[in-house]
Amino acid sequence: MSDAAVRAPSLFDRALAFADRVVPPPAAWAFALRIWLAMVLALYAAFWLQLSGASSAVVCVAILAQPKRGQALSKALYRFLGTLVGAAVALLLIALFAQDRVLLLVGFTTWLSLCVFTAHFLQDTRAYGAMLSGYTVAIIAIAHIDTPQDVFDAAVDRVAAITIGIVAITFINDALASPSTWRSVRDTLTGAVAATRTFARDTFLSGDPGPERTAALIRRIAAMRGDASAIGAELDDGHRRAAGARSGIAALYVMAATARAFVAAEGRLRQPGAAVAEARTLCLGLTDAEVADPRAAADAAVLRLHVLIETATCADDARVEDVLALQRALDFARNAAYAADGLSALTTGHRPRRDVDLPTHRDFPVALRGAARVAIAFGVTVLLFVAAGWPATSYALVQVAATCALSAINPNPKGFARGVLIGMPLAAFCAGIVLFGMLAGGQGFPLLAIAIAPVVFLACFLSLNPPTFAVGFILLVFFPVLLSPANPQSYDPQTFLTNAFLVVVAAAILFVTVRVILPVSVSQNRIFAVDSARRALVAALVGDGGDATTRTSLNSDRLLQFAQWSSASGAVRAASLNRGFDLARMEAAAARAHPQLRELGRDPVLQTVVLQARTALEAADGRRMAEAARDLLAAGRASAPAVRMGVARAVSDLATAANVAETQARFLHRLGIPRA
């Protein structure tokens, strides 16, 4: 027998391997079971309360279907708020334009566009809540455009159904011990802290790892932001755990940036002094995974680095490069303490040392195009359906509004539209099989609960797989929409086929819309990101940069998106990413420098040199910023220790901005950054 025959897997092994790839894991089965039970409970409660829109309760559960409890609770909160706002706007529009359909449709289109535009600048479930308040008006007002007298009852039923859906899924998640978001974030944050320490250790030992590895680390850190915001509603001390997670995430961003900045500053020193060498040793010690108490070790390093900086700033031969390296080491140690404290606060629920925001980058032109795309798509659809004289036009308009709004806040609108194009016919097919095949005229609730189970389980399995998420989401949401469970159940094949046809048409309209109407190409995304970075840098240079920690998070998100949009490879991509990182570094330095310089400007001894430094910053003149840094260091040499620490911070930021201004002078000139 040959060696190949010996090594060949048996038929049984191949079957097991295939089953392992195809059969969902136990966690997926548990998730699907929870969603099915919540749907059944919501539907039963809606029937018992005799709501006219009982299917809305089931759809609410489908939309709130999340693997973790905190995610579902966070989405439920903003779904409820969005529904209330949408119901109020629907009543207002009907009150104003009940007798004029054109103005009603124009008013709704304007409101939907405004909601989509706003959603672009919000995060996670807040963005969903803003978008939901837009298409809820369609569900309440546009769906009853022919019977405005029924709008108030429809609004009450809608709010009641949403409330039932929220209560049902919350009860089932609690009863069946849905996985906690905070535990998942804790494990992920623990891994990210370890990865950041490894990144920093490699940086201190081997030099700058380059923009690609840095972008990969930022991508890993940024993946936690959405879940971090969902922790607050999960536990009584959830707001403290969420604050700890945010603090830890923000600290990891800074640790990655300051590790690179330290080795860059050290590289500009011909002969690093003993203080810089000790600072390197202290930072290396903080990257050791074997440290028993990372927070205490970081606090001790911070105290020692304070002493080193105070000593360096009062020395007669003080060098700006030494102060820069020491200050970046201090920043690294301080954020290592924040990272350890944030992880501890997330784990135990104690109040973290700080509470910071984690804003995300959004480009105004992209948000404006998204809002305009929804408005144009809805307007064209209205004209098409009205001109064609199709029946159930209002039903179709509701589906177009909902799908277009959902795609507008999706990170990949084209991919989502493709999933909708596949998921809608699949939802119609499954609803038809259940309605006319499995139920076949029956009216029993147990039969209905059993009949929907296979479709719900299939949709949940698909939604848990990232490549098929959109298909699974659409199947889970629009299957009950088309099934329209009621008491008694209606079995009108003509109505069903009309509705199925219209939702497929809505999917086709969305598919064409995202490709034809104001598409945003990869190159345009890069241009928008660079222009946004330029405007942020100009604002920071004149003293309007805002909080430096917030800017670091915002810049990290912008860099992450820019890395995703950079399709070049090799040296071209590396150079492009390096420019992006340099712009972010210069912006953060300017944002930190101006508040510190304003504080130092109160000292009469430093007023003149501080004015020179601020003028140089506003002019983005690298040579003058470098001179101002040296003059400021010399002028503050005899100041009190607290003042010298402020001088060190300002000097290090001036030196950072000066280095970027010198090395990227031509690029800054092309961007139109002011230069003397």
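To be clear, the structure that these remarks concern was listed above.
Residues numbered from 1 in each chain as written. Predicted model: local features only at pLDDT ≥ 70, side-chain atom pairs only at ≥ 80, totals over all residues. Heavy atoms only, no water.

## Section: the state of the cysteines
The final tally for this structure, using the stated rule, is zero disulfides. Unpaired in this structure, Cys-60 has its nearest cysteine sulfur neighbour in Cys-460, at a distance of 14 Å. No disulfide involves Cys-430; its nearest neighbouring cysteine sulfur is the one of Cys-460, lying 13 Å away. (Disulfide = S-S within 2.5 Å.)

## Quick word on the packing of helix 13 (residues 274-286) against helix 15 (residues 320-348)
Packing of helix 13 against helix 15 brings their axes to within 10 Å, and their N-to-C directions diverge by 20 degrees. Looking at the two axes, helix 13 sits roughly parallel to helix 15. Helix-helix and strand crossings are classified by hand; for helix 13 and helix 15 the assignment is left-handed. Residues Ala-275, Val-276, Ala-279, Cys-283 and Leu-286 of helix 13 lie in contact with helix 15, whose contacting residues are Asp-322, Ala-325, Leu-326, Ala-329, Phe-332, Ala-333 and Ala-336. (Axes fitted to C-alpha atoms, helices over the stretch in contact; angles between N-to-C directions. Helix = DSSP H or I, 4+ residues; strand = E, 2+ residues; numbered from the N terminus. Parallel < 35°, antiparallel > 145°, perpendicular 65-115°, else oblique. Left-handed = near helix turned anticlockwise from the far one by under 90°. Contact = heavy atoms within 4.5 Å.)

## Let's talk about the packing of aromatic side chains
By the definition in use, this model includes 12 aromatic pairs. When the ring of Tyr-44 is compared with that of Phe-445, the centres are 5.4 Å apart and the planes differ by 70 degrees; the resulting orientation is edge-to-face. Highlighted residues: Tyr-44 in helix 3 (residues 26-48) and Phe-445 in helix 19 (residues 445-463), separated in sequence by 401 residues. Ring centres of Phe-469 and Phe-473 lie 5.9 Å apart, and the angle between their planes is 25 degrees; on these two criteria the pair is classed as stacked. Residue Phe-469 and its partner Phe-473 are both found in helix 20 (residues 469-483); the two are separated by four residues, about one turn of the helix. On the basis of relative accessible area, Phe-469 is assigned to the partly exposed category, the value being 35%. Here the aromatic residues Trp-29, Phe-457 and Phe-461 are joined through ring pairs into a cluster of three or more. Just above the ring of Tyr-128 sits the side chain of Lys-75; from NZ or CZ to the centre is 4.8 Å. (Phe/Tyr/Trp six-rings, centres within 6.5 Å; stacked < 30°, edge-to-face > 60°. Buried < 20%, exposed > 50% of the residue type's maximum accessible area, 1.4 Å probe, protein only. Lys NZ or Arg CZ within 6 Å of the ring centre and 35° of its normal.)

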